[in-house]
Amino acid sequence: MELFSLPTVLFLFLLSFYLSVYFLLPKPPKTPPPPPKGFNCYLVIGHLPGFLHNRHRFLDWTTEVLGRSPNNTAVFRRPNADGVLTANPLVVEHMLKTNFENYPKGIHFLSILGDFLGQGIFNADGENWKHQRKTASYEFNTKSLRSFVMESVKSEVEVRLIPILHRAAAASGTTNRILDMQDVLERFAFDNICKVAFNVDPGCLGGDATTGTEFMQAFEEAATLSSGRFFYAVPFCLQNQEVLQPRLRTQRFRRHCGCTRRWRSTPRLQVVPQRRRVPDGTTLKKGWFLTYSSYAMGRMESIWGKDCCEFKPEKWLENGVCRQEMPFRFPAFHAGPRICLGREMAYIQMKSIAAAVVERFELDVLNRGECPEHTLSLTIRMKGGLPVLVKEKN
Ligand code: HEM
């Protein structure tokens, strides 16, 4: 009696031949697949898994993706919200200047920040924005405002900031010598902006500071809650309407927010009214959002060259003079008709502080080798602050 039929024997022979070829022959070394050119995209849920996975490092994640993309632009897909994120100066110019009228902030995004910003200049479109911009531009360009700012910055530096640094430097050998410079500078800016906007000194950096500090903390909380709403609103289609606390809805908050100073960790989203192609060849479909990342743009090799991630302030100098960079390449203050109205004021603050502090103190940043984590808020902040050791110069 035959144990196996001929076809069975043949099949077993071929199978064993195939298995020995598969397992015994040497295989070419496996090379890891190249990283994707844009965001990893899945059916139906789009880029949501990537977004959730990288939420804690949203800015660095998007910078990596944009840096890998040949035109520094990437399509972003999430349920109910498709759009384009760019770090390409040509697209930024197209969006903020050449085609400004075609890219309003849009009703969706105005409503997300409405409880916090009301219908103030930051959160308005069309005629409402134009009217406020005209009035505010006039105010911001007056000599009297400039000298008021100079005076109040000078007094905040001499009467509050410098004594705080002296005290920290004198507290040698104790923990008081370590200062959180992020907190100090935020208090400085908050005092300054309240003086300019309301002619009220909240005294966050000096004095008893109880009322002012409470207001400042409420403001920061409002910004964090609003940015949470902002980040979640896109994928979950405005489900988070109730996260803001009732106290956000006061007029005072709204007016104050018109003057907020460190704006941008939340990308600025603009809704595309009809299908069109932007200058780097990317096609936008109707209803998509278009946004740029100024954080990523500060780190693009295509804009700044190979050493784009190295701290070299001298890069800005040309024959010993600070070179003016095109705002579409360096949009920290935005660009085009909606460029920041307070940038001169911000520079007055930054330069006055730098000049006064550098002359008299050495600030040693603790953990200087580590890259700080960011918090997701409307304005960019470092988790854990910026601890420094203060030393007096001889
Ligand atoms: C380093 C400090 C500052 C930075 C980085 C900055 C950045 C920005 C950015 C990115 C925008 C555009 C916001 C948007 O529409 O998406 C903006 C707008 C604006 N900024 Fe600033 N800003 C700073 C300080 C200030 C200060 C001190 C003031 C006023 C006292 C100010 C007043 C304004 C106003 C009024 C707008 C609205 C312009 C408009 O929509 O027409 N900014 N700023």
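Residues numbered from 1 in each chain as written. Predicted model: local features only at pLDDT ≥ 70, side-chain atom pairs only at ≥ 80, totals over all residues.

Enquirer: Mind laying out the overall build of the protein, listing which residues take part and the relevant values?
Expert: Helix and strand counts for the protein stand at 14 helices and 13 strands. By residue count, 26% of the 394 residues in the protein fall in the buried class. (Helix = DSSP H or I, 4+ residues; strand = E, 2+ residues; numbered from the N terminus. Buried ≥ 20, exposed ≤ 12 C-beta atoms within 10 Å, placed from the backbone.)

Enquirer: Talk me through the environment of E214; I want residue IDs and the actual numbers.
Expert: Considering the arrangement of structural elements, one finds E214 in helix α10 (residues 210–236). With 12 C-beta atoms packed within 10 Å, E214 lands in the exposed category.

Enquirer: Which residues make up the pairing of strand β7 (residues 289–292), and what values go with them?
Expert: Residues F289 and T291 point to one face of β7 and L290 and Y292 to the other, with burial holding for every one of them. Here strand β2 (residues 81–86) runs beside β7; their pairing, made up of 4 bridges, is parallel. Residue pairing across strands places G83 opposite F289, the latter belonging to β7. (Pairing = 2+ DSSP bridges.)

Enquirer: Mind laying out the sheet that holds strand β3 (residues 178–180), listing which residues take part and the relevant values?
Expert: Taken in spatial order, the 3 strands line up as β3-β13-β10 in an open sheet, and their pairing is antiparallel. In this open sheet, the two edge strands, each paired with only one partner strand, are β3 and β10 (361–365). Neighbour to neighbour, the strand axes of the sheet diverge by 40° on average, direction disregarded. Here β10 runs beside strand β13 (residues 387–392); their pairing, made up of 5 bridges, is antiparallel. Following the sheet pairing, D364 is matched in β13 by L389. Helix-sheet contacts for helix α8 (residues 143–170) involve β3, β10 and β13, and the interaxial angle to β13 is about 85°. Contacting β3, β10 and β13, helix α9 (residues 181–198) runs over the sheet at an angle of about 50° to β3. (Axes fitted to C-alpha atoms, helices over the stretch in contact; angles between N-to-C directions. Contact = placed C-beta atoms within 7 Å.)

Enquirer: Can you explain the confidence of the model for the protein? Please cite residues and give values.
Expert: Atomic detail in the predicted coordinates should be set aside for any region of low pLDDT. For the protein, per-residue confidence averages 82 on the pLDDT scale, and residues scoring 70 or more make up 81% of the total. Low confidence marks residues 235–267, where pLDDT is under 50. Its contacts with residues over four positions away, or in another chain, come to 66 contacts. (pLDDT = per-residue confidence, 0-100.)

Enquirer: Hey, could you go over helix α3 (residues 58–68) for me, with residue numbers and the actual values?
Expert: Those residues of α3 lying buried are T62, T63, V65 and L66. The arc enclosing the buried residues of α3, seen along the axis, measures out at 165°, which places them on a common side. Buried residues along α3 sit in contact with β1 (73–78), β2 and α12 (294–297). (Arc of directions from axis to C-beta.)

Enquirer: Tell me about α9, and name the residues and values.
Expert: Taking 1.5 Å per residue, 18 residues should reach 26 Å; α9 reaches 25 Å between its end C-alpha atoms and fits that length. When α9 is considered as a whole, its buried residues turn out to be V184, E186, R187, F188, A189, F190, D191, N192, I193 and C194. Two residues or fewer past α9, N199 is found with a positive phi of approximately 55°. (Expected span 1.5 Å × (residues − 1).)

Enquirer: Tell me about the environment of W129, residues and numbers included.
Expert: Along the polypeptide, W129 turns up in helix α7 (residues 126–140). With 209 residues separating them in the primary sequence, W129 and R338 have C-alpha atoms 9.4 Å apart. When residues no more than four places from it in sequence are discounted, the contact partners of W129 are I121 and A124.

Enquirer: Hey, could you go over the packing of α8 against α9 for me, with residue numbers and the actual values?
Expert: For the pair α8 and α9, the least separation of the axes is 10 Å and the interaxial angle reads 145°. Viewed along their axes, α8 and α9 form a crossing whose handedness is right-handed. Taken together, the residues of α9 that come into contact with α8 (itself represented by F148, V149, S152, V153, E156, L161 and I164) are V184, F188, D191, N192, K195 and V196. Its residues assigned to classes, the contact of α8 with α9 shows 8 nonpolar, 2 polar and 3 charged. (Left-handed = near helix turned anticlockwise from the far one by under 90°. Nonpolar A, V, L, I, M, F, W, Y, C, P; charged D, E, K, R; others polar.)

Enquirer: Lay out the packing of α8 against helix α14 (residues 343–360) in plain terms, naming residues and giving numbers.
Expert: Packing of α8 against α14 brings their axes to within 10 Å, and their N-to-C directions diverge by 35°. The interaxial crossing formed by α8 with α14 has right-handed handedness. Contacts from V149, M150, V153, K154, V157, L161, I162 and L165 in α8 reach M345, I348, Q349, S352, I353, A356 and V357 in α14.

Enquirer: Please set out unusual backbone geometry residue by residue, giving values where relevant.
Expert: One non-glycine residue, N72, adopts positive backbone phi at about 55°. With respect to the element layout, N72 can be found in the loop between α3 and β1. In this structure, N367 takes a positive phi of about 50° despite not being glycine. Positionally, N367 belongs in the loop between β10 and β11 (374–375). Judged by C-beta crowding, with 10 C-beta atoms within 10 Å, N367 ranks as exposed.

Enquirer: I'd love a proper account of the environment of L85, names of residues and values included.
Expert: Within the element layout of this structure, L85 appears in strand β2. Between the C-alpha atoms of L85 and S293, which are 208 residues apart in sequence, the distance is 7.1 Å.

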